[in-house]
Amino acid sequence: MILIRPAAIVLALTIAGSLGSGALGQRRSNRDWPAPTPPTLQPVTAESRAAAITEGVKLLLAKQEADEASGAIALWPYEGVYRVRGEIPVGYRVGGTSITCLALLQAPGLADDADRQAALGRSARFVVDAIKHPLMDPGYDGGYDVRGWGYTYGLKFLLAYRTALKVPDDLAVGVEDAIQFYIHGIEQTEIPKAGGWNYARPAGKEKVAPPSPFMTGPTLEALYEAHAAGYDVDAKVVSRALDALDAARTPSGSYVYSGSAGRGEPTPGSVGRMLSAETALYLAGRSDQTRLRGAIDAFLVHWPWLDQRRQKNGTHEGPYGVAPYYYYYAHLAAARAIEMLPAMERGEYRRRYAEVLFATREEDGSWNDRVFPRSSAFGTSMAMLSLMAPETKAPARWTVENSKVEAGE
């Protein structure tokens, strides 16, 4: 989904090692690449959707892993090429675990599922204890920075957890402290002056990267949810991030990978961040259903270009610089955007979306956009969340009144 820039290539190579022979060979015109052949689409019944969610719960519970620090079976770590001292970074462990927990919280039957409740309780303790990890500290000044994924999805999970289940008495204070920590972490790590967030940055506190719509959209939504739950959120941080998203949109409606839109950006590689950014802007009253619909249509037309990169080695490769980990991210963003359209339009979009999603389901009932077996927990969770989108509570909104009150006007 990204047009790779030379500086980004250097940074990625420094961090992750070789990305594969195709990463540096993007001199070819987009027109020179063969058109993708998409998987065959088949109708998806309501029964198939419901069964996929039920099977997904079983798959996810079977994949929960041990936390090396405590020994508790508590994690669903997201796995990618990036490592810290040879290990999956804590931001990916917190973020991946929290995304899976969100899927398990929303799946039907939670109240009568003691095993699932126990699994969620163990994960909640891990996400709470993770705030003590030195690499989750907002003052960390290293390079490639995935703490933000832990802040954003750890916050989303704990907010949902305290609503869906009774928090154990011995964890109640910890949950509240962690929620405050994650809000503070998000606010403290915004990009100075420009606003928004980006996980791909050079090392050093004084060095910054331009804001990334891919990261800024979900992070804003976590802040909206925290504010709606009664927590203090810095309105100026929200406003600057919204301005950053506005600045990243091109005249065609696509979004640049990072920074401001100084030129055009090909739509096929932009569809995931288009959906995420328009959703965050829409929930703040700064986009509309026309733009949302356009982003959904772009996804349905261009998703085969994303599919070319599913379960492939490397990261940002041609023709549109798409990384495999944008795949189910874009799918969930599409499913959520559909639910913000007028009610009369949703049925047909849901049908078309489900056909696209089920076309890439694995034989064991999971979904996985990476070459790493562990990351099927992430893909399956994103797929489940997208299938449950029609029944999910409407996301929190950020209003002009919120901004004025929080800013003390």
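Remember, it's a predicted structure, so these values are computed and weren't measured experimentally.

Caption draft 1: Summary view of the pattern of salt bridges. In total, this model carries 20 salt bridges according to the counting rule given. Between Glu348 and Arg351 there is a salt bridge; the shortest N-O distance is 2.5 Å. Remark: Arg351 and Glu348 occur in helix α12 (residues 343-358); sequence separation between them is three residues, near one turn of the helix. Judged by its relative accessible area of 37%, Arg351 is partly exposed. Each of Asp243, Asp246, Arg249, Glu278 and Arg286 takes part in salt bridges that share partners, so that together they form one network.

Caption draft 2: Representation of empty space enclosed by the protein within the structure. In the structure shown here, the tally under the stated rule is one cavity of 30 Å³ or more. Taken as a whole, the largest cavity spans an internal volume of roughly 40 Å³. Taken together, Arg49, Ala335, Ile338, Glu339, Arg350, Tyr353, Ser386, Ala389 and Pro390 make up the full set of residues lining the largest cavity. Where the lining of the largest cavity is concerned, the elements lending two or more residues are α11 (327-338) and α12. Here the lining of the largest cavity is composed, by residue class, of five nonpolar, one polar and three charged.

Caption draft 3: How the structure looks around unusual backbone geometry. Phi is positive for Lys193, close to 70 degrees, though the residue is something other than glycine. Its place among the elements puts Lys193 in the loop between α6 (169-188) and α7 (213-228). Here the phi dihedral of Gln311 falls at roughly 55 degrees; this positive angle occurs in a residue that is not glycine. Following the sequence through the fold, Gln311 ends up in the loop between α10 (289-307) and α11. We classify Gln311 as partly exposed; its relative accessible area is 30%.

Caption draft 4: Broad picture of the packing of aromatic side chains. Applying the stated criterion across every chain yields a total of 17 aromatic pairs. Measuring from ring centre to ring centre gives 6.2 Å for Tyr151 and Tyr182, while their planes differ by 50 degrees; the resulting arrangement is tilted. Of this pair, Tyr151 sits in helix α5 (residues 147-164) while Tyr182 sits in helix α6, and the two are 31 residues apart along the sequence. Like Tyr151, the residue Tyr182 is buried in the burial classification. An angle of 90 degrees between the planes, with centres 5.6 Å apart, marks the rings of Phe358 and Trp367 as edge-to-face. Both residues of the pair, Phe358 and Trp367, belong to the buried class. Taken together, the ring pairs in this structure connect Trp149, Tyr153, Tyr199, Phe214, Tyr326 and Tyr329 into an aromatic cluster.

Caption draft 5: Region of the structure containing the layout of surface pockets. By volume, the largest pocket amounts to about 1,400 Å³. Forming the walls of the largest pocket are 46 residues, and the residues nearest its centre are Gln106, Glu225, Thr392, Lys393 and Pro395. If you list the elements that add at least two residues to the lining of the largest pocket, you get α2 (46-63), α3 (90-106), α5, α7, α9 (271-283), α11 and α13 (376-387). With seven residues, α5 is the largest single contributor of residues to the lining of the largest pocket. Of the residues in the lining of the largest pocket, the class split is 30 nonpolar, five polar and 11 charged.

The rules we used
- Residues numbered from 1 in each chain as written.
- Predicted model: local features only at pLDDT ≥ 70, side-chain atom pairs only at ≥ 80, totals over all residues.
- Heavy atoms only, no water.
- Salt bridge = Lys/Arg side-chain N within 4 Å of Asp/Glu carboxyl O.
- Helix = DSSP H or I, 4+ residues; strand = E, 2+ residues; numbered from the N terminus.
- Buried < 20%, exposed > 50% of the residue type's maximum accessible area, 1.4 Å probe, protein only.
- 1 Å grid on protein atoms, 1.4 Å probe; cavity = no way out; pocket = protein on both sides within 12 Å on 5 of 7 lines; lining within 4 Å.
- Points joined across faces, edges and corners; volume = space filled by probe spheres on them.
- Nonpolar A, V, L, I, M, F, W, Y, C, P; charged D, E, K, R; others polar.
- Phe/Tyr/Trp six-rings, centres within 6.5 Å; stacked < 30°, edge-to-face > 60°.

Honestly, that's just the spatial picture; any functional story needs more than this.
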